[in-house]
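Structural features, examined
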Amino acid sequence: MNLETKNNELQESLDRFKIIEDILASEPSVSKAMSDFSTIAMKEFTDFANSEFSVKEDAGALLIMQDIERKLKEISIFKSIFNKNIVGIGGRFSAGKSSFINSFLSDKKLVLAQGISPTTAIPTYIASSQKEKNIIKLHTYKNAKLELCNKKFLSLNRSFFEKFNFNFKDIAPYITIEAKLDKLEHICFIDTPGYNNPSKTSSLTDDKASSKEYLNHGDILIWVIAIENGAILGSDIDFLGELNIEDKKVFIVVNRADSIPLDNVKEIVNNFVKVLDDNFIEYEGISAYNLIDKEELYFKKTSLKKFLENIDKPLDTKKDILLKIDKVFKFYDDAIKTDIDWVKKMIRASKTLSLNLLENNSKKKEMILSEVIKNNQSSIKNPMILKEMRVYLKDKFDVEKLEEIRKKGKELNEKIKNLANEVLKFGD
Ligand SMILES: Nc1nc2c(ncn2[C@@H]2O[C@H](COP(=O)(O)OP(=O)(O)OP(=O)(O)O)[C@@H](O)[C@H]2O)c(=O)[nH]1
Ligand SMILES: [Mg+2]
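Being a predicted model, the structure only gives us computed values, none of them experimental.

1. Describing the site of ligand 1
Near ligand 1 you find 23 residues, and of these G96, S99, Q114, T120 and G194 are the closest. Tallying contributions element by element places helix α4 (residues 97-102) first for the shell around ligand 1, with 3 residues. Taken together, the residues of the shell around ligand 1 break down into 7 nonpolar, 13 polar and 3 charged.

2. Here we look at the packing of helix α2 (residues 32-49) against helix α3 (residues 59-77)
Look at α2 against α3: their axes get within 11 Å of each other, and the N-to-C directions meet at 175°. Classified by the angle their axes make, α2 and α3 are roughly antiparallel. Of the residues in α3, those in contact with M34, F37, S38, M42, F45 and A49 of α2 are L62, M65, E69, L72, K73 and S76. Partitioning the contact of α2 with α3 into residue classes produces 8 nonpolar, 2 polar and 2 charged.

3. Remarks on the pairing of strand β5 (residues 174-179)
Of all the 6 residues making up β5, 6 are buried; the element is thus mostly covered by neighbouring parts of the structure. With burial as the criterion, each face of β5 is covered, one bearing Y174, T176 and E178 and the other bearing I175, I177 and A179. Note that strand β3 (residues 135-139) and β5 share 5 bridges and pair antiparallel. The residue bridging L138 from the neighbouring strand is I175, located in β5.

4. What to know about the sheet that holds strand β7 (residues 220-226)
Taken in spatial order, the 10 strands line up as β4-β3-β5-β2-β6-β1-β7-β8-β9-β10 in an open sheet, and their pairing is mixed. Every interior strand has two partners, whereas the edge strands, β4 (145-148) and β10 (295-300), have only one. Across the sheet, the axes of successive neighbouring strands diverge by a mean angle of 25°, strand direction being ignored. Where β3 meets β4, 4 bridges bridge the pair, whose relative direction is antiparallel. Counterpart to I136 in the pairing with β4 is L148. Of the strands in this sheet, β8 (249-255), β9 (285-290) and β10 are in contact with helix α9 (residues 262-278), which crosses β10 at around 40°. Together, β1 (85-91), β6 (187-191), β7, β8, β9 and β10 form the strand contacts of helix α10 (residues 304-311), whose direction differs from that of β8 by roughly 145°.

5. Some points on the nonpolar core
Judged by nonpolar contacts, the single largest core of 81 residues is most densely connected at Y125, C188, I252, V253 and V254. Summarising the domain contributions, this core has at least three residues from each of domain 1 (19-82 + 316-428) and domain 2 (84-315). Residues contacting V253, with those up to four places away along its chain left out, are F100, I222, V224, S287, Y289 and L304.

6. Looking at the pairing of β8
Counting buried positions over the 7 residues of β8 gives 7, a clear majority of the element. The alternating pattern of β8 places K249, F251, V253 and N255 on one face and V250, I252 and V254 on the opposite face, and all of these are buried. Two elements, β7 and β8, share 7 bridges in a ladder whose sense is parallel. Residue pairing for β8: I220 is matched across the bridge by K249. Viewed along the sheet, the connection from β7 through helix α8 (residues 234-242) into β8 turns out right-handed. Where β8 and β9 come together, 4 bridges link them in parallel fashion. For I252, the partnering residue across the bridge sits in β9 and is I286. Regarding the hand of the β-α-β motif, the stretch spanning β8, α9 and β9 is right-handed.

7. Concerning the packing of α2 against helix α14 (residues 399-423)
One way to put it is that α2 packs onto α14 with a least axis distance of 9 Å and a crossing angle of 165°. One finds that α2 runs roughly antiparallel with respect to α14. You can see that α2 and α14 cross each other, and the crossing is left-handed. Here α2 contributes A33, M34, D36, F37, I40, A41, E44, F45 and F48 to the contact with α14, which in turn contributes K408, G409, L412, I416, L419, A420, E422 and V423. For the contact of α2 with α14, a count of residues per class yields 12 nonpolar, 1 polar and 4 charged.

8. With respect to the environment of R16
Among the structural elements, R16 can be located in helix α1 (residues 3-25). With 148 residues separating them along the chain, R16 and F164 place their C-alpha atoms 8.3 Å apart.

Conventions adopted
- Residues numbered from 1 in each chain as written.
- Chains lettered and ligands numbered in written order.
- Predicted model: local features only at pLDDT ≥ 70, side-chain atom pairs only at ≥ 80, totals over all residues.
- Near = placed C-beta within 6 Å.
- Helix = DSSP H or I, 4+ residues; strand = E, 2+ residues; numbered from the N terminus.
- Nonpolar A, V, L, I, M, F, W, Y, C, P; charged D, E, K, R; others polar.
- Axes fitted to C-alpha atoms, helices over the stretch in contact; angles between N-to-C directions.
- Parallel < 35°, antiparallel > 145°, perpendicular 65-115°, else oblique.
- Contact = placed C-beta atoms within 7 Å.
- Buried ≥ 20, exposed ≤ 12 C-beta atoms within 10 Å, placed from the backbone.
- Pairing = 2+ DSSP bridges.
- Core = buried A, V, L, I, M, F, W, Y, C linked by C-beta atoms within 7 Å.
- Domains from an automatic or database assignment.
- Right-handed = clockwise from strand over helix to strand, strands pointing away.
- Left-handed = near helix turned anticlockwise from the far one by under 90°.

Written as structure tokens, this is what we have:
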């Protein structure tokens with residue numbers, strides 16, 4: 001080994017040491033408003049959701065609330081995504097995801113690493129910005145940020161990370177970039193590692209999980225497939241099934257369309273359409289794209305150009321978040337209201353019955369009643385059961401208490417919206 005190679009190796013080791021040192025020394029940058037949201041709002045919300053009323057399926061509401069918290073944190077740390085449409089770019093390794101994003105970067109000195117072997121290591125947000133200077137930051141596990149110059153950013157390639165013998169993403173989960181994007185103003189792309197990267201070392205083993213996590217952060221999904229594959233592979237369909245694409249706009253980019261004759265391109269795209277339809281995957285459009293010449297060779301439904309034009313509109317992120325909070329609370333409010341109405345109805349119905357049935361209040365009867373209540377509240381016609389239910393209801397449900405929980409829910413709804421407003425104050 002010559003001296004120059006030895007020197008380079010030594011320099012790389014020093015760089016690796018330095019980045020760990022910088023990450024450990026970094027100072028968290030989460031605002032007070034955000035930490036208040038995470039502690040006060042989330043704690044009081046969990047307490048409220050655990051109050052006694054008969055919500056059958058509250059896991060969904062809890063997940064929405066956790067997603068609201070995640071989104072607020074994301075915005076408070078990376079303000080450039082405020083009012084932007086987040087577009088996750090997904091696909092197999094070497095499909096051309098990073099190259100696709102590069103084709104929109106105005107500053108040709110800034111490029112995301114691209115290559116034929118698995119290349120992208122860390123999910124990277126690329127938000128459109130009007131600033132003259134590109135701003136690149138590595139985000140650490142402490143919610144701190146390290147600013148990187150272009151050169152440093154490029155040196156953080158896959159082989160750099162693979163030499164660590166731990167998962168680097170545990171201490172630096174993602175990178176953010178603010179840069180000018182050609183003709184796009186209200187978009188933030190997320191470049192993700194290929195979901196099928198064969199894991200070689202322990203340093204980046206969770207590519208699939210991190211690809212999934214960050215693609216789910218997007219409101220829109222662009223799925224990139226290399227045309228040479230000739231077919232949409234089953235694993236692509238399986239992975240798409242694992243993502244929450246039901247409430248997302250999905251667009252399919254068939255990449256490297258320059259590498260084969262046009263007739264074949266058309267045939268392949270039409271085959272893709274069939275597979276997508278057979279698997280009930282809803283998509284806005286599919287386009288065979290040559291990103292070297294930025295040329296669309298063939299598309300179905302909507303062209304990529306039109307699709308991007310359609311989504312490149314400013315969002316009202318604050319309004320969306322506040323509406324989501326209202327929606328979560330409406331879910332609980334409706335549930336409590338249903339409980340109250342039902343208890344009142346049952347009490348009213350049972351009032352007309354004679355009182356002598358009240359005595360025999362055995363354990364078994366209670367079990368039967370609770371079954372009846374659980375299964376079909378409205379179909380109870382038997383007057384004896386209704387009567388006994390009155391007793392049961394009196395013991396089990398307290399309308400006043402339910403009304404109180406309902407009132408508390410309304411107050412907490414407003415409080416949580418105010419806390420969210422505080423987090424998003426910078427956007428006014
Ligand atoms: N001819 C041609 N080559 C392309 C095109 N797009 C990407 N490539 C090449 O395909 C290879 C893979 O591209 P990447 O952008 O690194 O793919 P990726 O999906 O980001 O891959 P990972 O980061 O490993 O998941 C690179 O060598 C690119 O130069 C294209 O439209 N035409
Ligand atoms: Mg890549």
